[in-house]
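Given next are the chains, with one letter for each unit.
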Amino acid sequence: MSPKPLNPHPDRLFPADPKTRDITRELYEAVKDLPIISPHGHVPVEWIADDIPFSDPTSLLLTPDHYTNRMLHGAAGVELADLGVPVGSKISEEQSRAAFRLLCENWKYLRGTPVQFWFESEFHDVFGVKVRPSAETADQIYDQIQVCIEQPEYRPRALYKRFNIEALATTDDPCDDLAKHQQLADDPDWDGRVMPTFRPDKYLEPAREGWVDLTHKLGEVADVDVSSYKGHLEAMRTRRLYFKERGAVSTDHSHADARCERLSDTEAERLYKSALKGEISVAEGDALRRHMVNDQARLAVEDGLVMTMHPAVVRNHDPHAFAKYGADVGGDVPHSVEFSRALQPILAEYGNHDNFQLVVFTIDETTYSRELAPLAGYYRGLYVGAPWWFIDEADAIMRYRRAVTGYAGFYKTSGFIDDTRAYCSIPARHDVSRRVDSAFLGSLVAEHRLQMDEALEVAVDLVTTQPRKVFKL
Amino acid sequence: MSPKPLNPHPDRLFPADPKTRDITRELYEAVKDLPIISPHGHVPVEWIADDIPFSDPTSLLLTPDHYTNRMLHGAAGVELADLGVPVGSKISEEQSRAAFRLLCENWKYLRGTPVQFWFESEFHDVFGVKVRPSAETADQIYDQIQVCIEQPEYRPRALYKRFNIEALATTDDPCDDLAKHQQLADDPDWDGRVMPTFRPDKYLEPAREGWVDLTHKLGEVADVDVSSYKGHLEAMRTRRLYFKERGAVSTDHSHADARCERLSDTEAERLYKSALKGEISVAEGDALRRHMVNDQARLAVEDGLVMTMHPAVVRNHDPHAFAKYGADVGGDVPHSVEFSRALQPILAEYGNHDNFQLVVFTIDETTYSRELAPLAGYYRGLYVGAPWWFIDEADAIMRYRRAVTGYAGFYKTSGFIDDTRAYCSIPARHDVSRRVDSAFLGSLVAEHRLQMDEALEVAVDLVTTQPRKVFKL
Amino acid sequence: MSPKPLNPHPDRLFPADPKTRDITRELYEAVKDLPIISPHGHVPVEWIADDIPFSDPTSLLLTPDHYTNRMLHGAAGVELADLGVPVGSKISEEQSRAAFRLLCENWKYLRGTPVQFWFESEFHDVFGVKVRPSAETADQIYDQIQVCIEQPEYRPRALYKRFNIEALATTDDPCDDLAKHQQLADDPDWDGRVMPTFRPDKYLEPAREGWVDLTHKLGEVADVDVSSYKGHLEAMRTRRLYFKERGAVSTDHSHADARCERLSDTEAERLYKSALKGEISVAEGDALRRHMVNDQARLAVEDGLVMTMHPAVVRNHDPHAFAKYGADVGGDVPHSVEFSRALQPILAEYGNHDNFQLVVFTIDETTYSRELAPLAGYYRGLYVGAPWWFIDEADAIMRYRRAVTGYAGFYKTSGFIDDTRAYCSIPARHDVSRRVDSAFLGSLVAEHRLQMDEALEVAVDLVTTQPRKVFKL
């Protein structure tokens, strides 16, 4: 039996109704080739700064992608180690090929998922693969990709150009010296834009193991005395500015909840000192963290960095996998979240301030129509983040538009966020979003809820002016 | 460039699939011209009782509509004061015109929202506007509407007739003497129906500021000694009957939660007395409020007034706007709510009683399939309220039908509620509901889940017999 | 007026778009005649073991079906007693006929519900009814069904064959001797498969009334000393094995929440002894119950019985109906539930173990994309249960596929569960699921998200290999 072809249809994700499809196609045509703005993600800056050739298909496409790893683990029973996890493991060519075979053999488990969609796009559009992945075709596809990545036109910078990326954000530790970002900025041969993002989560969790050491490190790097909370705040201010001077446009925050009520200064100092002594309770740690997050919003009013938030995830849900492989291997699981009351302290104080912009991401879709659209429709500085992580797929993106548009419109949404460390999937991910937004707009036009000229303007705005405005690019 | 036309399509909101659209059109034809029953809303009775001409487009269409104000504030950055907020502010013709211009200039921010849909309908159908709102057309539209409202056929009573309203409810304070309602009832030239609604919220929040004064006022107006809880209950009974005698058919309740468990009589009296002394705690205030709500249900069994409930909103979320403009300016934000356990005390006691009818509205869509449809499918007196406020738009109405119909059917739903103080938007709002219900029924017929004769009967019932039954009209 | 015909359309529940419908039809053709696997339900084993003829249409179709009873009670105001409730009530032929008339007269209240869909299918496909139920046709339909059930081909075993059932599970008390299951197994004339299911709920609620007596009974039946928790655990182990030896493949669990954290052995023993003395508090009872549920998971690793869970229901919401008719008469109401944190203790310990399989059902649809799909995509042993009870209808099944597929795919879902005691509705219920799954897959193919050969394989897998794998059949 000859292998099945891999031939992604140009009308993928478009509504089946012929008239709606025609409109959708026209809208999509207007946006499909526009540059990619990726204001939040996890691609290592080194890849681009040093323009190092990728070594093999598995460590390029499979190992760093926890979206895929977890599905192969959960649905196909594959061991994470057999996929090269954790990232950075030394794997032989044979192991790499075997891992890639596991992906192809278990292709059916990915049916209907965005993971399959992304791989199909990458394989076909980036590497020219023309056969459907399977046990039979695994080696052939592996070889074809291997040949590609040995060519100069598959090195990270060349792909950056080919992917038509306008701006790409990394995610960075507040103590990072951002040397590689600087190296890129100083490189006369580089005319792209790679921005660091200030992500202080673990510095804002005073009851967590390791916080005291992190705090001392922060003080050192910022060259600020952090023996008081006031000093800690000053160190944060310093490092945010350091990031901003090196191109950062946003800070990113993920905690167990979205709360941010302030403490009195006295209470904040008391808890902070208790934390430095390692004596803070979990509840006190949460209270101080919420105060600290509130202060991040205050600092955002000062320095104008956009604040992004994506709370409510049980990190490292599987302690055995965490012990074996560390964090970020697919064992993070969302839970429900509350925003209406939680965000009030910062929205009431800063939510209509000219300099303040907050983007909230969630996997709890119930909050879109109940909390986020109502809040974003009223507060000037608040934007509803695009569906993120487990829900950055076609059906959920459509649900998001249908839940948010009614009372926040299109212009209080964030634009698409790929949030990925899988570099070659960036175009495919943005493409899904463009297709689904076109389909949504197409349905509005087909149902006479919007005129075509208005829909065209919105479609273009959503991938150009809107992300630029939301992320101050 | 000549302005874009404003020309709402007759098939607006109808499914794109041609066959489903044909069926939908036929269903809609059967209901589109039927009279409007509006059993819950906020139009001032004075408008109709005194039939005063409207002064200008802004104070008629824009200022009183917090749906619109909040979007212009949140998405376009407009100051509320520039829209004439708060209602009743004295504004000059120039200010009125400028406010109206803000609406038209920022038209794009309303794309895809029901606010835009309603305005398009009002502008086109009520005032004959033929151009799309924009910076360029703002003055022209303003002038055209101004000319209209100076004509007798645009006075409130004439519009009432033209809008084909069968019954319209206002929302009123329990101490209101309903003089304007009486004036209308006594008017030999008036043959419409405007009903007061008994809304005792703030009298049932014993820990809230001002409650003691309100209670004394209630006692005076009812001519009942309210120094005991028993007296308070008697005063409520008296005022409810006062309302009923003047045409009220329902009472309306909105608190932070839907709970309604009873206290012992002794405990109720103890808390009540503590509240009168201003000594009640917040938690005790909630406990007494829940008991009072339960007593409202008891009274409903006695007097037969329908009980409506729409809980779980953070009122005046933005304290700065509240300080500046007062309540109801767009800063209310929903939060999640629980009904299954919360409503058990009144459902278990009164839920199958012949005289008791409860309609529950929610913005927490998760409760439709999980709680409200299961409850309403079982308890005779419970009806699932139509999508309300932030979710009274096409997509949410469709989701409501898809979530509720499976296990409560059509005949345990409330009929549409416009809940508006924007008088001229009433036909447009009911029209959205009729279009979407037709579309839902049309899809059931197209998918052979319902026969056409059954769908036609349901479509008509939903705007005639059903609201009459639910609100005892 | 001649009665309306009853003539269910072959394309029921298929999408209206012609192209999508054609694809859907082709997919449905591939699965519609495949055998029914029903791994969870409530049909009494006696019916099949003794192959007793059914007595009358009401006690066969109406009285045991609380889906229908509650709708007739809640929407049409019918008294439950008039429908023959509770099951086992002695009713005369006249009463039976009158009850059946109530169903037919109130037919309109069932429009758009799955209850109407099931009855239409049963009436038409099983009993050859050709007229729509109504006051006028009630007696005629009653008579026609009565004639049928007096024929040998309408006895339970004949229907089992005709319904093309491959396997059918009952739900049984842990102390049940399963004699009727044994009788069936020993019957040389029987070649079907009826499996008991171990349902220990009430034995795992140490603070509930009656628990002490149940525990003593459990000890006796298991012949194990249950004066210690260790003994209780051993008794559970013994009874589970007893069930397994008699064909059981799963255990079933429904409690107020999904929590399952362990206690120390000492604490478990302490609480257990306190419970035996009737001195345990409600909170302690919950704590011990969660430990016991955790132990059920441990036992599942030992004996390999699949664990199913469907938590978060307020049982007997209406205490008056409960007092009059007992349990299971329609007064159960779901509430919200949390899984991400609740299930962590058993998922982290057993969730990737080769012998462990857990299927979680919910009526809280919010958990599908937020919690269950993320968890099932990662943990090998976890499967997302099909929409159950109030949400086992077309729209909810479609929402389930759209919520779960993105990050758990098709192969971490359970296959359809009818969960019914309405024997004749089993084919209709499975048919709904097959139609909707075909419609979902058809839409994926029409939108070029899946190739036709892949969709066909998935459609067949979902009713064959998948339930066999999930329930170890």
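Residues numbered from 1 in each chain as written. Chains lettered and ligands numbered in written order. Predicted model: local features only at pLDDT ≥ 70, side-chain atom pairs only at ≥ 80, totals over all residues. Heavy atoms only, no water.

### Describing the environment of Asp303 of chain C
All names here are of chain C.
- Here Asp303 shows up in helix α13 (residues 282–303).
- The residues contacting Asp303, other than those within four sequence positions of it, are Arg240, Leu241, Lys244 and Asn355.
- Side-chain polar atoms of Asp303 contact the side chain of Arg240, separated by 2.7 Å. (Helix = DSSP H or I, 4+ residues; strand = E, 2+ residues; numbered from the N terminus. Contact = heavy atoms within 4.5 Å. Polar contact = N/O pair within 3.5 Å; in protein donor to acceptor, adjacent residues only side chain to side chain.)

### Section: the interface of chain C and chain B
- Listed per partner, the contact involves 56 residues of chain C and 47 residues of chain B.
- For the pair chain C and chain B, the two sides together bury roughly 4000 Å², of which 50% comes from carbon and sulfur.
- Between Arg449 of chain B and Asp395 of chain C there is a salt bridge, and its shortest N-O distance comes to 3.1 Å.
- One can count 32 residue pairs in polar contact (both at pLDDT 80 or more) joining chain C with chain B.
- Those elements that provide at least two residues to the side of chain C that touches chain B are α1 (18–31), α4 (66–76), α6 (114–126), α14 (319–325), β7 (333–334) and α17 (394–408) of chain C.
- It is α4 of chain C that provides the largest number of residues to the side of chain C that touches chain B, a total of 6 residues.
- Per-class residue counts for the side of chain C that touches chain B are 24 nonpolar, 15 polar and 17 charged. (Buried area = accessible area lost by both parts, 1.4 Å probe. Salt bridge = Lys/Arg side-chain N within 4 Å of Asp/Glu carboxyl O. Nonpolar A, V, L, I, M, F, W, Y, C, P; charged D, E, K, R; others polar.)

### Digging into the relation of the copies chain C and chain B
- Mapping chain C onto chain B is achieved by rotating through 120° and translating by 0.0 Å along the same axis, at an RMSD of 0.0 Å. Expressed as a symmetry operation, the mapping of one chain copy onto the other fits a three-fold axis. Distance from the rotation axis, computed per C-alpha, reaches its smallest value in chain C at Asp17 of chain C: 3.5 Å. (Least-squares fit on C-alpha atoms with pLDDT ≥ 70 in both.)

### Looking at the sheet that holds strand β8 (residues 358–360) of chain B
Residues and elements named next belong to chain B.
- In spatial order, the strands read β4-β5-β8-β9; together these 4 strands make up an open sheet with parallel pairing. With partners counted over all chains shown, the strands left at the sheet margins are β4 (250–253) and β9 (382–384), one partner each. Within this sheet the neighbouring strands show an average axis-to-axis angle of 20°, counted without direction.
- As defined by bridge partners, strand β5 (residues 306–309) adjoins β8 across 3 bridges and the pair is classed as parallel. Bridge assignment links Met309 to a residue of β8, and that residue is Val360. (Pairing = 2+ DSSP bridges. Axes fitted to C-alpha atoms, helices over the stretch in contact; angles between N-to-C directions.)

### Re the interface of chain C and chain A
- Residue-level contacts link 47 residues of chain C with 56 residues of chain A.
- Note on chain C versus chain A: buried area summed over both sides is about 4000 Å², and carbon and sulfur give 50% of it.
- One can count 9 salt bridges joining chain C with chain A.
- Between the two partners, chain C and chain A, sit 32 residue pairs in polar contact (both at pLDDT 80 or more).
- Listed by contribution, the elements that provide at least two residues to the side of chain C that touches chain A are α1, α15 (344–350), α16 (366–378), α17, α18 (426–446) and α19 (452–463) of chain C.
- For the side of chain C that touches chain A, the element with the highest residue contribution is α16 of chain C, accounting for 10 residues.

### Focus: the relation of the copies chain C and chain A
- Relative to chain A, chain C is turned by 120° and slid 0.0 Å along the rotation axis, the superposed coordinates differing by an RMSD of 0.0 Å.
- Counting the interface residues of chain C, we find that no more than 4% of their copies in chain A are interface residues as well, pointing to two distinct contact surfaces.

### Examining the pattern of salt bridges
- Inspection of every chain in the model, using the stated rule, returns 141 salt bridges over all chains.
- Close ionic contact of Asp303 of chain B with Arg240 of chain B constitutes a salt bridge, the shortest N to O distance being 2.7 Å. Placement of Asp303 of chain B in helix α13 (residues 282–303) and of Arg240 of chain B in helix α11 (residues 229–245) is noted, with a sequence separation of 63 residues between them.
- Judged by its relative accessible area of 7%, Asp303 of chain B falls in the buried class.
- The class for Arg240 of chain B is buried, based on a relative accessible area of 0%.
- Of the charged contacts in the structure, one is a salt bridge between Glu205 of chain C and Arg289 of chain C, with a shortest N-O distance of 3.8 Å. With Glu205 of chain C in the loop between β3 (194–195) and α10 (211–222) and Arg289 of chain C in helix α13, this pair connects stretches of sequence that are 84 residues apart.
- A residue is classified by how much of its surface remains accessible, and Arg289 of chain C, at 2% relative accessible area, is buried.
- Residues participating in the shared-partner salt-bridge network are Glu205, Arg208, Asp257, Asp286, Arg289 and Arg290 of chain A. (Buried < 20%, exposed > 50% of the residue type's maximum accessible area, 1.4 Å probe, protein only.)

### Quick notes on helix α12 (residues 265–276) of chain C
Residues and elements named next belong to chain C.
- Over its 12 residues, α12 runs 16 Å from end to end, which matches the ideal 16 Å to within 8%, given 1.5 Å per residue.
- The inward-facing, buried residues of α12 abut α10, α11 (229–245) and α13.
- Of the residues one or two after α12, Gly278 is the one with positive phi, at around 70°. (Expected span 1.5 Å × (residues − 1).)

### Things to note about the confidence of the model for chain A
- Of the residues in chain A, 100% have a pLDDT of 70 or more, and the chain-wide mean is 97.
- Across the interfaces of the predicted complex, the ipTM metric reaches 0.97, alongside a pTM of 0.98. (pLDDT = per-residue confidence, 0-100.)

### Side note on the nonpolar core
- Counting 418 residues, the largest nonpolar core has Phe127 and Tyr423 of chain A, Phe127 and Tyr423 of chain B together with Phe127 and Tyr423 of chain C as its most contacted members.
- Phe127 of chain B has contacts with Leu60, Leu61, Glu122, Gln144, Ile145, Cys148, Ile149, Tyr154 and Cys424 of chain B, leaving out every residue within four places of it along the chain. (Core = buried A, V, L, I, M, F, W, Y, C linked by side-chain atoms within 4.5 Å.)

### Re the sheet that holds strand β3 (residues 194–195) of chain B
Residue and element names in this part refer to chain B.
- Pairing is parallel in the open sheet, where 3 strands are placed in the order β1-β2-β3. Of all the strands in the sheet, the pair left with one neighbour each is β1 (36–38) and β3.
- Note: strand β2 (residues 165–169) against β3, 2 bridges, orientation parallel. Counterpart to Leu168 in the pairing with β3 is Val194.

### Observations concerning the packing of aromatic side chains
Residue and element names in this part refer to chain B.
- Under the defined criterion, the tally for this structure stands at 75 aromatic pairs over all chains.
- Ring geometry for Trp47 against Phe54: centres 5.1 Å apart, planes inclined by 80°, an arrangement best described as edge-to-face. One exposure class covers both Trp47 and Phe54, and it is buried.
- Between the aromatic rings of Trp389 and Phe390, the centroid separation amounts to 4.2 Å while the plane-to-plane angle is 35°, which identifies the pairing as tilted. (Phe/Tyr/Trp six-rings, centres within 6.5 Å; stacked < 30°, edge-to-face > 60°.)

### Topic: the side chain of His335 of chain B
- Within the secondary structure, His335 of chain B sits in the loop between β7 (333–334) and α15 (344–350).
- According to the relative accessible area criterion, His335 of chain B is buried, its value standing at 5%.
- Of the polar contacts made by the side chain of His335 of chain B, one reaches the side chain of Arg341 of chain A; its length is 3.3 Å.
- Discounting chain neighbours no more than four positions away, the residues touching His335 of chain B are Glu338, Ser340, Arg341, Arg370 and Glu371 of chain A together with Ala256, Ala312, Val313, Val314 and Asp364 of chain B.

### Quick word on unusual backbone geometry
Residue and element names in this part refer to chain A.
- The peptide bond linking Val85 to Pro86 adopts the cis configuration, its omega dihedral lying at 0°.
- Position of Pro86 relative to the elements: it lies in the loop between α4 (66–76) and α5 (93–105).
- With a phi angle near 60°, Leu178 is a residue other than glycine that sits in the positive phi range.
- Position of Leu178 relative to the elements: it lies in the loop between β2 (165–169) and α9 (179–186).
- One non-glycine residue with positive phi stands out, namely Lys472, at about 50°.
- Within the secondary structure, Lys472 sits in the segment after α20 (465–470).
- For Lys472, a relative accessible area of 30% puts it in the partly exposed group.

### Looking at the pairing of β4 of chain B
Residue and element names in this part refer to chain B.
- What you see with β4 is no split at all: Ser250 and Asp252 on one side and Thr251 and His253 on the other are buried throughout.
- With 4 bridges connecting them, β4 and β5 associate as parallel partners. By the bridge assignment for β5, Asp252 is matched with Thr308.

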